[in-house]
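Coordinates in review
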Amino acid sequence: MLSIFWFNIPEIVFDSCVTQMFFIHVFGIVESGVLASMAFDRIVAIQNPLHYVCILTHGVIGKTGIAILTQAVCVFFPVPFLIKRLPFYHSNILSHSYCLHQDMMRLACASTRINSLCGLIIVIFTLGLDALLILMSYVLILKTVLGIASRGERLKTLSTCLSHMSAVFLFYVPFIGASMIHRFGKHLSPVVHILMANIYLLLRAVLNPIVYSVKTKQIQRRIIQVFQRRKNRA
């Protein structure tokens, strides 16, 4: 993507494209797993706040991160080999500004049934399962919150989940939108496909730091100080 916008080089070698595809999808699976683990973190923090430090130790967090990364690599490891076995003779123009599995399959000159089946299984058992775990986590969180007598305490408890909920929406909504357009929007302009693909890849990378920092008091104070200085200068 940077080579296109910075150097006006719209070409990429096939092996480099496969490598890029591998890392984009693996990091997407990792992010989904991290969001699921953060949902568990919220459950522990709300249901067992006194035992939070004992349950989620540094060792547990580290092992969880290693498990998520290992799962993502192992699950997606066969896909590059399934892509490389396909013949590519005719059109080799991607519909996005980077390489995705479904986009590369579209250019193949042979049956991609195995690739499609493999991709569907990966999505169901990674992103789909993570989404289900996140949903179940928030059901338990809501059950716990509704059991709190004070309305103010309920709102205060729910506010601790706002950053995580925002990150979940930033991940899954663009993913679903890009997938739906790729599947059912073949008649749409190529600009729409490129725009949705770029939103899916870049939106959460841009907004996640804002989402997680806006609740940090130190950052809030620093932002207020900056605006106060500008107001005083004016």
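Parameters and conventions
- Residues numbered from 1 in each chain as written.
- Predicted model: local features only at pLDDT ≥ 70, side-chain atom pairs only at ≥ 80, totals over all residues.
- Heavy atoms only, no water.
- Disulfide = S-S within 2.5 Å.
- Helix = DSSP H or I, 4+ residues; strand = E, 2+ residues; numbered from the N terminus.
- Buried < 20%, exposed > 50% of the residue type's maximum accessible area, 1.4 Å probe, protein only.
- Core = buried A, V, L, I, M, F, W, Y, C linked by side-chain atoms within 4.5 Å.
- Contact = heavy atoms within 4.5 Å.

Next up on the list: the state of the cysteines. Under the defined criterion, the tally for this structure stands at 1 disulfide. In this model, Cys 17 is linked to Cys 99 through a disulfide, with the two sulfur atoms separated by 1.9 Å. On the sign convention where negative means left-handed, the S-S torsion of about -120 degrees between Cys 17 and Cys 99 marks this disulfide as left-handed. Highlighted residues: Cys 17 in helix α2 (residues 14-47) and Cys 99 in the loop between α5 (78-84) and α6 (101-106), separated in sequence by 82 residues. With respect to class, Cys 17 is no different from Cys 99; both count as buried.

Moving on: the nonpolar core. Judged by nonpolar contacts, the single largest core of 42 residues is most densely connected at Met 21, Phe 76 and Ile 134. Of all the elements in the fold, those that place two or more residues in this core are α2, α4 (58-76), α5, α6, α7 (113-146), α9 (162-184) and α10 (190-213). With 13 residues, α2 is the single largest residue contributor to this core. Sequence-distant contacts of Met 21, that is, excluding residues within four places in its chain, are made with Phe 76, Val 79, Pro 80, Ile 83, Cys 99, Leu 100, His 101 and Met 104.

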